[in-house]
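Residue-level structural notes
Okay, here's what each chain looks like letter by letter:
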Amino acid sequence: MEAKHRKLICIITILYTIAVLYFMFLGFNRPGAAKHTVGYTFYFIPDVVFKYPTGFIFRSFTLMDLVGIGNLAAFVPFGIFIPLLFRIRFTVFISLFFMSILVLETLQAITLLGSFDMNDAFQNTIGAAAGFAAYKIGFRSANFWRNGLVTVLSSMFLVIVILGLSQLIDKALFTKAEGPVLALTEKKEQNGYLPMEHLKSMEIGGKRITPQFNLYSSDGKQTETYQYSFSNHTTIIEGYCGIPDGAEAAKAGVVFTTEGFEENYTDFCRPADGEQQEPYPFYVYLDKVKKLTITLEGSQILWDVTFKEMKYKWAP
């Protein structure tokens, strides 16, 4: 490679690296979000290594689809630029690249400008590997610009192939299947409560409500909690919430709590000032649940609460 071409590649590599670092640490309003972030976020166990946008060609395209493709495609150029500048074997290159990504992911987490995500690290590295393969395919002659064109076309082809293969791998290994819908009272409540003993009818917003499976309330207390154990799978909790007619709504509330995570549905289940009380269907998505605590305050009630667990097809 001629000296002028090498200089051009060096300048492009530096500018591109600066751009990538900007988006990793400063882009997407990361500094502003960091002010409201409490604690460090680390995801050490990859669970969607090959999971890229589902149906990214034929279905509706979202911002998260763009982010998913970006985790792969944005790092392809490093697999092309680095071997152009330095004589380096693939194993050495990919090892150093992966370690560099781990360092950057760690810096994102400890500066609260992002999270340490092993999924991102693997996807970034797969992108760099695709770039290195495209470099090997493209740069085989003395014509620099011809080599560059072949490399670009090869990298685009490889990215499409990887995205396509990832769909097959995702469906086979990383797609969670929904379990049966069961009443929450199918599980044993750890405090010994039986929210199915008193299924009395009530009126909410002038509508007669008769629970079919269960009824959760504070039973006249200021606060009541219900606790259930799960199998560390993604769990979806559904049901109905409301405040009986004639009951005080101001102090009513409901909170779903798992390990270090809290979903407050008080505003959702309680009518706004001046609005009539209504029964509301609710849906709570909880990831990797071992213990679920439902806290009810005041006159807030839940009824016909169900759950379904989602797990990988190969999981026990």
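What you see is a predicted model; the values in this text were computed from it and never measured.

Topic: unusual backbone geometry
A negative phi angle is the norm for most residues apart from glycine, just as the trans form is the norm for most peptide bonds. For Leu112, which is not glycine, the phi dihedral falls at a positive 65°. Relative to the assigned elements, Leu112 resides in the loop between α5 (90–110) and β2 (116–117). Unusually for a residue other than glycine, Asn232 sits at a positive phi of about 65°. Residue position: Asn232 is located in strand β8 (residues 223–242).

Here's the deal with the nonpolar core
Residues Ile237, Phe256, Phe282, Ile294 and Leu302 are the most contacted members of the largest nonpolar core, which totals 22 residues. At the level of secondary structure, the elements contributing two or more residues to this core comprise β8, β9 (253–258), β11 (280–297) and β12 (301–312). Examining the composition of this core, we find that eight residues originate from one element, β11, more than from any other. If we skip the residues at most four places from it in the chain, Phe256 touches Ile237, Phe261, Glu262, Glu263, Tyr265, Phe282, Val284, Leu292, Thr293, Ile294 and Leu302. Membership of the second largest hydrophobic core comes to 18 residues, among which are Phe25, Phe78, Ile101 and Leu104.

Examining the packing of aromatic side chains
Counting across every chain of the model gives 25 aromatic pairs. Note on Phe98 and Phe122: the rings are 5.5 Å apart at their centroids and 40° apart in plane angle, and the pair reads as tilted. Highlighted residues: Phe98 in helix α5 and Phe122 in helix α6 (residues 118–138), separated in sequence by 24 residues.

Comments concerning α6
Taking 1.5 Å as the rise per residue, α6 with 21 residues should run 30 Å; its terminal C-alpha atoms sit 30 Å apart, in good agreement. Of all the 21 residues making up α6, 15 are buried; the element is thus mostly covered by neighbouring parts of the structure. Looking at where α6 begins, the residue whose side-chain oxygen comes 2.9 Å from the main-chain nitrogen of Asn119 is Asp117.

Re the state of the cysteines
In this structure the tally under the stated criterion is one disulfide. Paired by a disulfide, Cys241 and Cys269 hold their sulfur atoms 2.1 Å apart. Residues Cys241 and Cys269 are joined by a disulfide whose S-S torsion is about -90°; by sign, that bridge is left-handed. Of the two residues, Cys241 sits in strand β8 while Cys269 sits in helix α8 (residues 266–269), which places them 28 residues apart along the sequence. The same class applies to Cys241 as to Cys269, namely buried.

Comments concerning helix α4 (residues 76–85)
With nine of 10 residues buried, α4 lies mostly within the body of the structure. Within α4, the full set of buried residues consists of Val76, Pro77, Phe78, Gly79, Ile80, Phe81, Pro83, Leu84 and Leu85.

Regarding the pairing of β12
The element β12 is largely enclosed, with a buried count of 11 among its 12 residues. For strand β4 (residues 182–183) and β12, the ladder comprises two bridges, and the chain directions are antiparallel. Residue Leu182 lies in a different strand from β12, and its bridge partner there is Phe307. Taken together, the two bridges between strand β7 (residues 215–216) and β12 define a ladder with antiparallel strand orientation. When the bridges of β12 are listed, Leu215 appears paired with Trp303. Where β8 lies against β12, eight bridges are found, and the strand directions are antiparallel. Looking across to β12, one finds that Gly242 is bridged to Ile301.

So, the confidence of the model for the chain
The share of residues in the chain with pLDDT of 70 or more is 90%, and the mean pLDDT across the chain is 86. In this model residues 53–60 is a low-confidence stretch, pLDDT under 50, and it forms 13 contacts with partners more than four residues away in sequence or in other chains.

As for a nonpolar patch on the surface
A contiguous nonpolar patch, built from Tyr40, Phe42, Phe44, Ile45, Val103, Leu107 and Ile110 and spanning about 740 Å² of accessible area, is present on the exposed surface. It is α5 that provides the largest number of residues to the nonpolar patch, a total of three residues. Taking the relative accessible area as the measure of exposure, Phe42 reaches 33% and is therefore partly exposed.

Cut-offs applied
- Residues numbered from 1 in each chain as written.
- Predicted model: local features only at pLDDT ≥ 70, side-chain atom pairs only at ≥ 80, totals over all residues.
- Heavy atoms only, no water.
- Helix = DSSP H or I, 4+ residues; strand = E, 2+ residues; numbered from the N terminus.
- Core = buried A, V, L, I, M, F, W, Y, C linked by side-chain atoms within 4.5 Å.
- Buried < 20%, exposed > 50% of the residue type's maximum accessible area, 1.4 Å probe, protein only.
- Contact = heavy atoms within 4.5 Å.
- Phe/Tyr/Trp six-rings, centres within 6.5 Å; stacked < 30°, edge-to-face > 60°.
- Expected span 1.5 Å × (residues − 1).
- Polar contact = N/O pair within 3.5 Å; in protein donor to acceptor, adjacent residues only side chain to side chain.
- Disulfide = S-S within 2.5 Å.
- Pairing = 2+ DSSP bridges.
- pLDDT = per-residue confidence, 0-100.
- Patch = residues over 30% accessible without salt bridge, like charges linked within 9 Å, V, L, I, M, F, W, Y side chains within 5 Å.
- Areas by Shrake-Rupley, 256 points an atom, 1.4 Å probe, with all protein chains shown as cover.
- Salt bridge = Lys/Arg side-chain N within 4 Å of Asp/Glu carboxyl O.

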